[in-house]
Amino acid sequence: MTELTAPNVVASSTRSDRRRKILQNLLRGERPYMLYIAFVILLVVFSLSSPWFLSVDNFLNIGRQTTLVSIIAVGMTFIIIARQIDLSVASTLALSGMAAALAMSQINNNWIVGAVAGLGTGALVGLLNGILTTQLSIPSFLVTLGSLSMARGLAMMVTNTKPVIITNETYFAIFGEGTFLGIPVPIAWTLAAMIVGILLLHYNVFGRRIYAVGGNPTAALYSGINTKRITTAAFVLTGTLAGLAALVLSARSHAARPDVVQGMELDVIAAVILGGCSLFGGRGYILGTLFGSLIIGTLNNGLVLLGVSSPMQLVIKGAIIVAAVAFTKR
């Protein structure tokens, strides 16, 4: 009789230990639990405060509004796990959008040429960031601070600060205005980026090497990992995703502008940090980044519905981000 009930006792003890561990993590402010709680609290507060918040249309609107941040934040997750930072993502987006629009305008309005130009420009900026950071041993903060200005300047120079109009209907449908399996295309691209990010980071040797490089670069180097190549690949991935975000934005806007999304890199970094990444490297996960992005998007949307002024929105958003990070462990 004892032998028959022993497995049940063990299973019950395991469940009890698991519940105790979850409770301890909640009390200590451990991620990801506090992240989920913060998201639920925002949903409840805004649902009670605004009759328009709790609707399918509004949730789809939040999804569309967070598309750009979410897509680029996938790449930023890899970079921050690898103990780096990329401040140039918003400028890369602007330059990639201009490249896509100009390529289409010059080559028979071909949307494939535009897409390749946009993604390629983003990847090239990422490659330059990675090479300068790894080969010249310049801190990525300084490298990407410089490329932030250069990419934005190039975006303004190519058309003398004028926007470039896009007229290709197929381009609009694929990247901005169509649907895929009933899902708005911008949200579908976000989900695609998240799935690719999860597969690369959590189910691929590349992801394991990213964690190793960020956790202990010296040990990773001695274990045979080409740390420079892995770090550069993370920058290329982020630049490519900034290019994808540029395609989505320009398709929705029917134009590419050199002055778009200025300062968006701060929202991207905030989403990644809120999602559980450590600025000291070696820790982070894609699903957490998605929730971090959704928290920022939900916060922006809810404050607008409540009629909060723009300056106060900035104050509230900044305070919540600081508080969220302060109450979670490094």
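About the cut-offs
- Each chain carries its own residue numbering, running from 1 in the written order of its sequence.
- It should be noted that, the model being predicted, local features are given only for residues of pLDDT at least 70 and side-chain atom pairs only at 80 or more, the latter also being counted only at that level, while totals for whole chains, interfaces and linings use all residues.
- As a rule here, side-chain values come from all non-hydrogen atoms in the structure, and water together with hydrogens is ignored.
- Only DSSP runs of H or I with at least four residues qualify as helices, and only runs of E with at least two residues qualify as strands; both kinds are numbered from the N terminus onward.
- For every residue, the accessible area obtained with a 1.4 Å probe (protein chains only) is divided by the maximum for its type, and the residue is called buried under 20%, exposed over 50%, and partly exposed between those limits.
- The criterion used for residue contact is that any of the two residues' heavy atoms lie within 4.5 Å.
- Per-residue accessibility takes into account occlusion by the displayed protein chains alone, with areas from the Shrake-Rupley method and a 1.4 Å probe.
- Among buried residues, the Ala, Val, Leu, Ile, Met, Phe, Trp, Tyr and Cys ones that are joined through side-chain atoms within 4.5 Å form a nonpolar core.
- The pLDDT value tells you how sure the predictor is about a given residue, anywhere from 0 up to 100.
- Throughout, the protein atoms alone are placed on a 1 Å grid, and a set of points is a cavity if a 1.4 Å probe fits but cannot get out or a pocket if it is open with protein on both sides within 12 Å along at least five of seven lines; lining residues have an atom within 4 Å of a point.
- Grid points are joined across faces, edges and corners, and a volume is the space filled by probe spheres set on the points.
- Pairs were defined over the aromatic rings of Phe, Tyr and Trp, the Trp ring being its six-membered one, requiring ring centres within 6.5 Å. Orientation was assigned from the angle between planes: stacked under 30 degrees, edge-to-face over 60, tilted for the rest.
- The axes used here are C-alpha line fits, helices contributing only the stretch in contact, and every angle between their N-to-C directions lies in the interval 0 to 180 degrees.
- What sets the label is the angle itself: under 35 degrees gives roughly parallel, over 145 gives roughly antiparallel, 65 to 115 gives roughly perpendicular, and the rest give oblique.
- Under the grouping applied here, Gly and all other residues not named as nonpolar or charged are polar, the nonpolar ones being Ala, Val, Leu, Ile, Met, Phe, Trp, Tyr, Cys and Pro and the charged ones Asp, Glu, Lys and Arg.

Caption draft 1: Up close: the overall build of the protein chain. Scanning the protein chain for helices and strands turns up 15 helices and four strands. The proportion of buried residues among the 330 residues of the protein chain is 47%. Pairs at least 24 apart in sequence give 77% of the contacts found in the protein chain among residues at least 6 apart. Summed over its atoms, the accessible surface of the protein chain is roughly 16,300 Å², and 67% of this surface lies on carbon and sulfur atoms.

Caption draft 2: Highlighting unusual backbone geometry. Despite not being glycine, Leu-181 has its phi angle at roughly 55°, a positive value. Turning to its location among the elements, Leu-181 is positioned in the loop between strand 2 (179-180) and strand 3 (183-184). With a phi angle near 45°, Val-261 is a residue other than glycine that sits in the positive phi range.

Caption draft 3: Representation of the nonpolar core within the structure. The biggest cluster of nonpolar side chains holds 77 residues, and the ones touching the most others in it are Phe-78, Tyr-171 and Ile-210. Broken down by element, the residue count for this core peaks at 13 residues, all from helix 12 (residues 227-253). Excluding residues that lie within four positions of it along the chain, Ile-210 makes contacts with Phe-78, Ile-81, Ala-82, Leu-201, Ile-230 and Ala-234.

Caption draft 4: A look at the confidence of the model for the protein chain. Chain-level pLDDT for the protein chain is 85 on average; 87% of the residues reach the 70-or-more range. Note on residues 25-29: pLDDT is under 50 here. Beyond four places in sequence and across chains, it has 11 contacts.

Caption draft 5: Fine view of empty space enclosed by the protein. For the structure on display, the rule yields one cavity of 30 Å³ or more. Size it by volume and the largest cavity reaches roughly 30 Å³. For the largest cavity, the full set of lining residues is Val-74, Phe-78, Ala-193, Val-196, Gly-197, Leu-200, Leu-237 and Leu-241. Within the residue set of the lining of the largest cavity, elements represented by two or more residues are helix 4 (67-81), helix 9 (185-202) and helix 12. Ranked by residue count, the leading element in the lining of the largest cavity is helix 9, at four residues.

Caption draft 6: Just the packing of aromatic side chains, in detail. Counted according to the given criterion, the structure contains six aromatic pairs. With 5.3 Å between their ring centres and 55° between their planes, Tyr-171 and Phe-175 make a pair best called tilted. Here Tyr-171 and its partner Phe-175 are both found in helix 8 (residues 169-177), four residues apart, which amounts to about one turn of the helix. Judged by its relative accessible area of 0%, Tyr-171 is buried. Using a relative accessible area of 5% as the deciding quantity, one classes Phe-175 as buried. Judged by centre distance (5.5 Å) and plane angle (15°), the rings of Phe-175 and Trp-189 are stacked. With Phe-175 in helix 8 and Trp-189 in helix 9, the pair connects residues that are 14 residues apart, well separated along the chain. Judged by relative accessible area, Trp-189 falls into the partly exposed class, the value being 27%. Of the aromatic side chains, those joined through ring pairs into one cluster are Trp-111, Tyr-171, Phe-175 and Trp-189.

Caption draft 7: Structural view of the packing of helix 10 (residues 205-215) against helix 12. Interaxial distance between helix 10 and helix 12 falls to 10 Å at its minimum, and their mutual angle equals 110°. With respect to their mutual orientation, helix 10 and helix 12 come out roughly perpendicular. Only Thr-227, Ile-230, Thr-231, Ala-233 and Ala-234 of helix 12 make contact with helix 10, whose side of the interface consists of Phe-206, Arg-209, Ile-210 and Val-213. Residue composition of the contact of helix 10 with helix 12, grouped by class: six nonpolar, two polar and one charged.

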